Amino acid sequence: MTTAALSAGCALLAFSPTLCLLFHLTYSKANLVIIVTTSAFAYLASTVVSSLLWLPVPASLRDNPYVLMFPSIAAQFVTRAGFVWLYHKVEHSVERSVRRHERAEERVRAEAAAARRRRRRMDGSSDNGHDGAAEDNDDDEPPPASESSKLRLELNDWSSSLAAGTGYGGMHVIFLYGTLLASEANNVGTLYQPSCEVMPSLVNSAATSHLFSLLDIVWMMWTFYGMRRRRDDGGTFESDGGLLPTPGTSEHNNNVRNSAVSFSGDIDIAGGSGSGAVYHLANNKRGGNGALLLVFVSHCAAALSTVPNAYDDGCVVALPCLVGVAVVTGLTFWITSVGHFLPNSQKRRQYERTASMAAEAAAARSSRYED
(Lines give C-alpha, C1' and ligand atoms only; values in the text may rest on other atoms or scores of the structure.)
Protein backbone atom coordinates (compact mmCIF):
# COMPACT_ATOMS: atom_id res chain seq x y z
CA MET A 1 0.00 0.00 0.00
CA THR A 2 1.27 3.48 -0.85
CA THR A 3 2.42 5.11 2.38
CA ALA A 4 0.59 8.12 3.76
CA ALA A 5 3.83 10.11 3.86
CA LEU A 6 4.45 9.54 0.14
CA SER A 7 0.88 10.46 -0.79
CA ALA A 8 0.85 13.58 1.40
CA GLY A 9 4.26 14.76 0.22
CA CYS A 10 3.42 14.29 -3.43
CA ALA A 11 0.07 16.03 -2.98
CA LEU A 12 1.79 19.02 -1.38
CA LEU A 13 4.34 19.10 -4.20
CA ALA A 14 1.66 19.06 -6.89
CA PHE A 15 -0.79 21.53 -5.33
CA SER A 16 1.60 23.86 -3.45
CA PRO A 17 1.80 26.72 -6.03
CA THR A 18 -1.96 27.08 -6.41
CA LEU A 19 -2.75 26.50 -2.73
CA CYS A 20 -0.18 29.09 -1.62
CA LEU A 21 -1.65 31.73 -3.93
CA LEU A 22 -5.20 30.74 -3.03
CA PHE A 23 -4.76 31.18 0.73
CA HIS A 24 -2.20 33.99 0.66
CA LEU A 25 -3.67 36.21 -2.07
CA THR A 26 -7.25 35.44 -2.94
CA TYR A 27 -8.98 33.74 -0.02
CA SER A 28 -9.65 36.94 1.94
CA LYS A 29 -10.98 38.92 -1.06
CA ALA A 30 -14.41 37.92 -2.37
CA ASN A 31 -13.88 39.50 -5.79
CA LEU A 32 -10.68 37.50 -6.35
CA VAL A 33 -12.39 34.31 -5.18
CA ILE A 34 -14.97 34.86 -7.94
CA ILE A 35 -12.13 35.16 -10.47
CA VAL A 36 -10.57 31.93 -9.17
CA THR A 37 -13.86 30.09 -9.51
CA THR A 38 -14.71 31.34 -12.99
CA SER A 39 -11.20 30.65 -14.31
CA ALA A 40 -11.47 27.07 -13.01
CA PHE A 41 -14.67 26.72 -15.03
CA ALA A 42 -12.77 28.11 -18.01
CA TYR A 43 -10.37 25.17 -17.76
CA LEU A 44 -13.33 22.78 -17.59
CA ALA A 45 -14.63 24.39 -20.78
CA SER A 46 -11.24 23.79 -22.43
CA THR A 47 -11.45 20.07 -21.60
CA VAL A 48 -14.89 19.89 -23.23
CA VAL A 49 -13.57 21.64 -26.34
CA SER A 50 -10.55 19.32 -26.42
CA SER A 51 -12.81 16.27 -26.27
CA LEU A 52 -14.87 17.59 -29.15
CA LEU A 53 -11.74 18.19 -31.20
CA TRP A 54 -10.52 14.65 -30.50
CA LEU A 55 -13.74 13.00 -31.67
CA PRO A 56 -12.90 13.10 -35.42
CA VAL A 57 -9.40 11.67 -34.82
CA PRO A 58 -9.22 8.12 -36.22
CA ALA A 59 -8.65 5.32 -33.71
CA SER A 60 -5.36 4.45 -35.38
CA LEU A 61 -3.95 7.91 -34.51
CA ARG A 62 -5.18 8.21 -30.95
CA ASP A 63 -1.96 6.77 -29.55
CA ASN A 64 0.09 9.45 -31.33
CA PRO A 65 0.96 12.17 -28.78
CA TYR A 66 1.65 14.75 -31.49
CA VAL A 67 -1.88 14.39 -32.85
CA LEU A 68 -3.53 14.66 -29.45
CA MET A 69 -1.57 17.47 -27.81
CA PHE A 70 -2.09 20.28 -30.30
CA PRO A 71 -5.93 20.28 -30.17
CA SER A 72 -5.67 20.45 -26.39
CA ILE A 73 -3.16 23.32 -26.56
CA ALA A 74 -5.39 25.20 -28.99
CA ALA A 75 -8.47 24.65 -26.81
CA GLN A 76 -6.70 25.89 -23.68
CA PHE A 77 -5.32 28.89 -25.55
CA VAL A 78 -8.76 29.89 -26.85
CA THR A 79 -10.58 29.41 -23.54
CA ARG A 80 -7.85 31.26 -21.64
CA ALA A 81 -8.08 34.21 -24.04
CA GLY A 82 -11.89 34.03 -23.97
CA PHE A 83 -11.90 34.18 -20.17
CA VAL A 84 -9.66 37.26 -20.14
CA TRP A 85 -11.80 38.90 -22.84
CA LEU A 86 -14.90 38.31 -20.71
CA TYR A 87 -13.06 39.66 -17.65
CA HIS A 88 -12.22 42.87 -19.50
CA LYS A 89 -15.84 43.29 -20.57
CA VAL A 90 -17.00 42.97 -16.95
CA GLU A 91 -14.19 45.25 -15.77
CA HIS A 92 -15.24 47.92 -18.26
CA SER A 93 -18.81 47.79 -16.98
CA VAL A 94 -17.61 48.05 -13.37
CA GLU A 95 -15.32 50.97 -14.24
CA ARG A 96 -18.18 52.87 -15.84
CA SER A 97 -20.36 52.26 -12.79
CA VAL A 98 -17.55 53.41 -10.46
CA ARG A 99 -16.98 56.58 -12.49
CA ARG A 100 -20.69 57.42 -12.37
CA HIS A 101 -20.70 56.84 -8.61
CA GLU A 102 -17.61 59.00 -8.07
CA ARG A 103 -18.99 61.82 -10.22
CA ALA A 104 -22.16 61.74 -8.11
CA GLU A 105 -20.04 61.87 -4.94
CA GLU A 106 -18.08 64.83 -6.31
CA ARG A 107 -21.28 66.71 -7.09
CA VAL A 108 -22.57 66.06 -3.57
CA ARG A 109 -19.29 67.28 -2.03
CA ALA A 110 -19.25 70.37 -4.25
CA GLU A 111 -22.83 71.22 -3.33
CA ALA A 112 -22.05 70.73 0.37
CA ALA A 113 -18.95 72.95 0.13
CA ALA A 114 -20.95 75.64 -1.69
CA ALA A 115 -23.64 75.48 0.98
CA ARG A 116 -21.04 75.88 3.74
CA ARG A 117 -19.55 78.92 1.99
CA ARG A 118 -22.97 80.48 1.63
CA ARG A 119 -23.68 79.92 5.30
CA ARG A 120 -20.34 81.51 6.28
CA ARG A 121 -21.07 84.54 4.13
CA MET A 122 -24.51 84.89 5.62
CA ASP A 123 -23.10 84.57 9.16
CA GLY A 124 -20.40 87.13 8.43
CA SER A 125 -17.58 84.65 8.95
CA SER A 126 -15.59 86.25 6.13
CA ASP A 127 -14.80 89.14 8.52
CA ASN A 128 -12.85 86.84 10.81
CA GLY A 129 -9.76 86.81 8.53
CA HIS A 130 -7.57 83.89 9.48
CA ASP A 131 -10.41 81.63 10.60
CA GLY A 132 -12.25 82.11 7.34
CA ALA A 133 -9.13 81.40 5.32
CA ALA A 134 -8.52 78.23 7.30
CA GLU A 135 -12.06 77.06 6.62
CA ASP A 136 -11.62 77.77 2.91
CA ASN A 137 -8.45 75.68 2.95
CA ASP A 138 -10.36 72.86 4.61
CA ASP A 139 -12.80 72.86 1.69
CA ASP A 140 -9.90 72.42 -0.73
CA GLU A 141 -8.50 69.32 0.96
CA PRO A 142 -8.83 66.15 -1.14
CA PRO A 143 -11.59 63.79 -0.03
CA PRO A 144 -10.71 60.44 1.50
CA ALA A 145 -10.57 57.41 -0.76
CA SER A 146 -14.04 56.01 -1.35
CA GLU A 147 -14.99 52.36 -0.99
CA SER A 148 -15.37 52.09 -4.76
CA SER A 149 -11.83 53.34 -5.37
CA LYS A 150 -10.44 50.88 -2.79
CA LEU A 151 -12.26 48.03 -4.55
CA ARG A 152 -10.90 49.17 -7.90
CA LEU A 153 -7.37 49.16 -6.49
CA GLU A 154 -7.75 45.50 -5.54
CA LEU A 155 -8.83 44.62 -9.08
CA ASN A 156 -5.66 45.40 -11.00
CA ASP A 157 -4.08 43.17 -13.62
CA TRP A 158 -1.51 41.74 -11.20
CA SER A 159 -3.97 40.46 -8.62
CA SER A 160 -6.60 39.43 -11.16
CA SER A 161 -4.17 37.51 -13.37
CA LEU A 162 -2.66 35.72 -10.38
CA ALA A 163 -6.14 34.80 -9.14
CA ALA A 164 -7.16 33.59 -12.60
CA GLY A 165 -3.96 31.57 -12.94
CA THR A 166 -4.61 30.04 -9.53
CA GLY A 167 -8.06 28.81 -10.54
CA TYR A 168 -7.04 27.69 -14.03
CA GLY A 169 -3.84 25.98 -12.89
CA GLY A 170 -5.51 24.45 -9.85
CA MET A 171 -8.20 22.79 -11.94
CA HIS A 172 -5.53 21.61 -14.40
CA VAL A 173 -3.61 19.96 -11.55
CA ILE A 174 -6.78 18.27 -10.26
CA PHE A 175 -7.34 16.69 -13.68
CA LEU A 176 -3.66 15.94 -14.22
CA TYR A 177 -2.80 14.54 -10.81
CA GLY A 178 -5.88 14.27 -8.59
CA THR A 179 -7.20 11.14 -10.27
CA LEU A 180 -3.85 9.35 -9.95
CA LEU A 181 -3.53 10.36 -6.30
CA ALA A 182 -7.04 9.11 -5.50
CA SER A 183 -6.53 5.80 -7.30
CA GLU A 184 -3.18 5.12 -5.61
CA ALA A 185 -4.26 6.02 -2.08
CA ASN A 186 -5.65 2.55 -1.32
CA ASN A 187 -3.60 0.41 -3.68
CA VAL A 188 -1.38 -2.37 -2.42
CA GLY A 189 2.21 -1.47 -3.21
CA THR A 190 3.66 1.56 -4.96
CA LEU A 191 3.09 2.09 -8.67
CA TYR A 192 6.11 2.22 -10.98
CA GLN A 193 5.69 2.54 -14.73
CA PRO A 194 8.05 1.62 -17.59
CA SER A 195 8.27 5.31 -18.54
CA CYS A 196 9.85 6.09 -15.15
CA GLU A 197 11.31 3.17 -13.27
CA VAL A 198 13.67 5.39 -11.26
CA MET A 199 10.88 6.91 -9.14
CA PRO A 200 7.25 6.17 -8.21
CA SER A 201 4.61 7.41 -10.61
CA LEU A 202 3.19 9.59 -7.83
CA VAL A 203 6.48 11.51 -7.59
CA ASN A 204 6.91 11.89 -11.34
CA SER A 205 3.35 13.07 -11.86
CA ALA A 206 3.54 15.42 -8.85
CA ALA A 207 6.66 17.10 -10.22
CA THR A 208 5.07 17.43 -13.66
CA SER A 209 1.87 18.85 -12.17
CA HIS A 210 3.86 21.32 -10.06
CA LEU A 211 5.66 22.65 -13.12
CA PHE A 212 2.50 22.88 -15.21
CA SER A 213 0.68 24.77 -12.45
CA LEU A 214 3.49 27.35 -12.42
CA LEU A 215 3.35 27.56 -16.20
CA ASP A 216 -0.44 27.97 -16.13
CA ILE A 217 -0.04 30.99 -13.83
CA VAL A 218 2.58 32.57 -16.10
CA TRP A 219 0.50 31.85 -19.21
CA MET A 220 -2.55 33.44 -17.65
CA MET A 221 -0.57 36.54 -16.67
CA TRP A 222 0.83 36.78 -20.20
CA THR A 223 -2.68 36.39 -21.59
CA PHE A 224 -3.84 39.28 -19.42
CA TYR A 225 -0.93 41.33 -20.74
CA GLY A 226 -1.62 40.44 -24.37
CA MET A 227 -5.39 40.80 -24.29
CA ARG A 228 -5.12 44.16 -22.51
CA ARG A 229 -2.83 45.50 -25.24
CA ARG A 230 -5.00 44.06 -28.00
CA ARG A 231 -8.12 45.57 -26.47
CA ASP A 232 -6.79 49.05 -25.72
CA ASP A 233 -3.99 49.24 -28.33
CA GLY A 234 -2.09 51.86 -26.34
CA GLY A 235 -5.16 53.77 -25.16
CA THR A 236 -4.63 53.21 -21.43
CA PHE A 237 -0.86 53.25 -21.68
CA GLU A 238 -0.41 56.78 -22.97
CA SER A 239 -0.95 60.01 -21.10
CA ASP A 240 -4.24 60.24 -19.32
CA GLY A 241 -3.58 63.58 -17.78
CA GLY A 242 0.18 62.99 -18.00
CA LEU A 243 2.49 60.02 -17.53
CA LEU A 244 3.90 59.20 -14.15
CA PRO A 245 7.52 60.34 -13.85
CA THR A 246 10.02 57.60 -14.52
CA PRO A 247 12.14 56.61 -11.49
CA GLY A 248 15.54 58.25 -11.53
CA THR A 249 14.42 61.49 -13.20
CA SER A 250 14.52 64.84 -11.41
CA GLU A 251 10.74 65.16 -11.65
CA HIS A 252 10.26 61.81 -9.95
CA ASN A 253 12.83 62.62 -7.26
CA ASN A 254 11.07 65.88 -6.49
CA ASN A 255 7.75 64.06 -6.19
CA VAL A 256 9.33 61.48 -3.90
CA ARG A 257 10.73 64.19 -1.64
CA ASN A 258 7.36 65.89 -1.51
CA SER A 259 5.30 62.77 -0.84
CA ALA A 260 7.86 60.60 1.00
CA VAL A 261 7.15 57.64 -1.27
CA SER A 262 9.05 55.98 -4.09
CA PHE A 263 7.50 54.34 -7.11
CA SER A 264 9.15 51.31 -8.68
CA GLY A 265 8.64 50.14 -12.23
CA ASP A 266 9.11 51.93 -15.51
CA ILE A 267 6.38 53.02 -17.88
CA ASP A 268 6.86 51.72 -21.38
CA ILE A 269 5.03 53.37 -24.25
CA ALA A 270 4.48 51.58 -27.51
CA GLY A 271 7.92 51.42 -28.93
CA GLY A 272 10.15 50.43 -26.08
CA SER A 273 11.01 50.95 -22.45
CA GLY A 274 11.75 54.18 -20.75
CA SER A 275 14.65 52.52 -18.98
CA GLY A 276 16.23 51.36 -22.24
CA ALA A 277 15.41 47.65 -21.94
CA VAL A 278 15.14 46.72 -25.61
CA TYR A 279 13.57 43.32 -24.94
CA HIS A 280 10.32 44.69 -23.51
CA LEU A 281 7.15 43.90 -25.39
CA ALA A 282 5.56 47.08 -26.70
CA ASN A 283 2.46 48.53 -25.06
CA ASN A 284 0.31 48.25 -28.17
CA LYS A 285 -1.58 45.67 -30.19
CA ARG A 286 1.63 44.33 -31.72
CA GLY A 287 3.10 43.72 -28.27
CA GLY A 288 -0.14 42.02 -27.21
CA ASN A 289 0.02 39.69 -30.20
CA GLY A 290 3.63 38.92 -29.32
CA ALA A 291 2.67 38.00 -25.75
CA LEU A 292 -0.09 35.68 -26.95
CA LEU A 293 2.30 34.08 -29.45
CA LEU A 294 4.79 33.46 -26.63
CA VAL A 295 2.02 31.78 -24.63
CA PHE A 296 1.21 29.42 -27.49
CA VAL A 297 4.85 28.64 -28.35
CA SER A 298 5.88 28.00 -24.73
CA HIS A 299 2.81 25.79 -24.20
CA CYS A 300 3.77 23.75 -27.27
CA ALA A 301 7.34 23.45 -25.95
CA ALA A 302 6.09 22.29 -22.53
CA ALA A 303 3.79 19.71 -24.11
CA LEU A 304 6.52 18.42 -26.44
CA SER A 305 8.89 18.04 -23.49
CA THR A 306 6.56 15.38 -22.05
CA VAL A 307 6.65 13.21 -25.20
CA PRO A 308 9.66 11.14 -23.96
CA ASN A 309 7.35 9.74 -21.27
CA ALA A 310 5.93 7.50 -24.01
CA TYR A 311 9.21 5.55 -23.98
CA ASP A 312 11.01 3.48 -21.35
CA ASP A 313 12.59 5.67 -18.67
CA GLY A 314 11.56 8.71 -20.67
CA CYS A 315 11.04 10.76 -17.48
CA VAL A 316 14.82 11.06 -17.20
CA VAL A 317 14.64 13.25 -20.29
CA ALA A 318 11.13 14.69 -19.93
CA LEU A 319 11.44 16.21 -16.44
CA PRO A 320 14.68 18.15 -17.09
CA CYS A 321 13.25 19.40 -20.39
CA LEU A 322 10.06 20.55 -18.68
CA VAL A 323 12.08 22.29 -15.96
CA GLY A 324 14.07 24.06 -18.67
CA VAL A 325 10.90 25.19 -20.46
CA ALA A 326 9.45 26.49 -17.18
CA VAL A 327 12.62 28.42 -16.32
CA VAL A 328 12.95 29.93 -19.79
CA THR A 329 9.26 30.85 -19.86
CA GLY A 330 9.44 32.53 -16.44
CA LEU A 331 12.60 34.46 -17.33
CA THR A 332 11.14 35.56 -20.66
CA PHE A 333 8.00 36.82 -18.93
CA TRP A 334 10.11 38.67 -16.36
CA ILE A 335 12.30 40.33 -18.99
CA THR A 336 9.63 41.24 -21.52
CA SER A 337 6.55 42.10 -19.46
CA VAL A 338 7.02 42.56 -15.71
CA GLY A 339 8.48 46.07 -15.83
CA HIS A 340 5.40 47.51 -17.54
CA PHE A 341 2.74 44.90 -16.83
CA LEU A 342 0.14 47.30 -15.45
CA PRO A 343 -1.58 49.96 -17.58
CA ASN A 344 -0.68 53.53 -16.64
CA SER A 345 -4.16 54.12 -15.26
CA GLN A 346 -3.67 51.33 -12.71
CA LYS A 347 -0.12 52.46 -11.94
CA ARG A 348 -1.36 55.97 -11.35
CA ARG A 349 -4.05 54.81 -8.93
CA GLN A 350 -1.51 52.78 -6.96
CA TYR A 351 0.93 55.71 -6.96
CA GLU A 352 -1.71 58.16 -5.74
CA ARG A 353 -2.96 55.73 -3.12
CA THR A 354 0.59 55.17 -1.82
CA ALA A 355 1.22 58.93 -1.74
CA SER A 356 -2.05 59.48 0.13
CA MET A 357 -1.18 56.82 2.71
CA ALA A 358 2.30 58.33 3.18
CA ALA A 359 0.81 61.81 3.63
CA GLU A 360 -1.65 60.49 6.21
CA ALA A 361 1.18 58.75 8.08
CA ALA A 362 3.29 61.92 8.03
CA ALA A 363 0.36 63.97 9.34
CA ALA A 364 -0.21 61.45 12.14
CA ARG A 365 3.47 61.59 13.12
CA SER A 366 3.49 65.39 13.14
CA SER A 367 0.35 65.48 15.31
CA ARG A 368 2.01 63.13 17.83
CA TYR A 369 5.10 65.36 17.97
CA GLU A 370 2.95 68.43 18.57
CA ASP A 371 1.18 66.67 21.40
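These figures come from a predicted structure and were not determined experimentally. (Residues numbered from 1 in each chain as written. Predicted model: local features only at pLDDT ≥ 70, side-chain atom pairs only at ≥ 80, totals over all residues. Heavy atoms only, no water.)

Chemist: Even after reading the chapter, I still don't get the overall build of the chain, so can you show me in this structure?
Modeler: Of the regular secondary structure elements, the chain holds 11 helices and 0 strands. Ordered by position from the N terminus, the helices and strands of the chain form the series α-α-α-α-α-α-α-α-α-α-α. In the chain, which comprises 371 residues, the proportion classed as buried is 42%. In the chain, 79% of the contacts between residues at least 6 apart in sequence involve partners at least 24 apart. With an accessible surface of roughly 19900 Å², the chain has 62% of that area assigned to carbon and sulfur atoms. (Helix = DSSP H or I, 4+ residues; strand = E, 2+ residues; numbered from the N terminus. Buried < 20%, exposed > 50% of the residue type's maximum accessible area, 1.4 Å probe, protein only. Contact = heavy atoms within 4.5 Å. Areas by Shrake-Rupley, 256 points an atom, 1.4 Å probe, with all protein chains shown as cover.)

Chemist: I would appreciate a short explanation of the state of the cysteines in the present structure.
Modeler: Two cysteines joined by a covalent bond between their sulfur atoms form a disulfide. Applying the stated rule across the entire model yields 1 disulfide. Shown here is the disulfide that connects Cys-196 with Cys-315, its sulfur atoms set 2.1 Å apart. Taking the torsion about the S-S bond as the criterion, the Cys-196 to Cys-315 disulfide, at about 75°, is right-handed. Linking Cys-196 in the loop between helix H6 (157-184) and helix H7 (201-232) with Cys-315 in helix H10 (residues 315-336), this pair joins segments that are 119 residues apart in sequence. Residue Cys-196 is classed as buried on the basis of its relative accessible area, which comes to 2%. (Disulfide = S-S within 2.5 Å.)

Chemist: What exactly am I supposed to notice about the layout of surface pockets here?
Modeler: One number sums up the size of the second largest pocket: a volume of about 800 Å³. As for the second largest pocket, its lining consists of 26 residues, and the residues nearest its centre are Ser-72, His-172, Leu-176, Phe-212 and Thr-306. Broken down by secondary-structure element, the contributors of at least two residues to the lining of the second largest pocket are helix H2 (30-54), helix H3 (65-123), H6, H7 and helix H9 (285-305). When the residues that make up the lining of the second largest pocket are grouped by side-chain class, the tally is 13 nonpolar, 13 polar and no charged. (1 Å grid on protein atoms, 1.4 Å probe; cavity = no way out; pocket = protein on both sides within 12 Å on 5 of 7 lines; lining within 4 Å. Points joined across faces, edges and corners; volume = space filled by probe spheres on them. Nonpolar A, V, L, I, M, F, W, Y, C, P; charged D, E, K, R; others polar.)

Chemist: So what exactly am I meant to see when it comes to the side chain of Asn-156 here?
Modeler: By the secondary structure assignment, Asn-156 is in the loop between helix H5 (147-154) and H6. A polar atom in the side chain of Asn-156 sits 3.0 Å from the backbone nitrogen of Trp-158. (Polar contact = N/O pair within 3.5 Å; in protein donor to acceptor, adjacent residues only side chain to side chain.)

Chemist: Explanation requested: the nonpolar core in the structure shown.
Modeler: In a soluble, globular protein the nonpolar side chains are often hidden away together inside. Counting residues in hydrophobic clusters, the biggest one holds 40 residues, and the most contacted among them are Phe-83, Trp-222 and Phe-224. Elements represented by at least two residues in this core include exactly helix H1 (4-26), H2, H3, H6, H7, H9 and H10. The greatest single-element share of this core, amounting to 12 residues, is contributed by H7. Contacts of Phe-224, omitting those with residues within four sequence positions, involve Phe-83, Val-84, Tyr-87, His-88, Asp-157, Ser-160, Ser-161, Ala-164 and Phe-341. Counting 10 residues, the second-largest nonpolar core is a separate cluster that includes Ala-14, Tyr-177, Leu-202 and Ala-206. (Core = buried A, V, L, I, M, F, W, Y, C linked by side-chain atoms within 4.5 Å.)

Chemist: Explain the packing of H2 against H6 to me, please; I cannot follow it from the model alone.
Modeler: The axes of two packed helices give the description: the angle between them and the distance between them. Direction vectors running N to C along H2 and H6 enclose 45°, while the axes themselves pass 7 Å from each other. Taken together, the axes of H2 and H6 are oblique relative to one another. At the point where H2 passes H6, the crossing takes the right-handed sense. Across the interface between the two elements, Leu-32, Ile-35, Val-36, Ser-39, Ala-40, Ala-42, Tyr-43, Leu-44, Ser-46 and Thr-47 from H2 touch Ser-159, Ser-160, Ala-163, Ala-164, Gly-167, Tyr-168, Met-171, His-172 and Phe-175 from H6. Looking at the contact of H2 with H6 residue by residue, the class counts come to 12 nonpolar, 7 polar and no charged. (Axes fitted to C-alpha atoms, helices over the stretch in contact; angles between N-to-C directions. Parallel < 35°, antiparallel > 145°, perpendicular 65-115°, else oblique. Left-handed = near helix turned anticlockwise from the far one by under 90°.)

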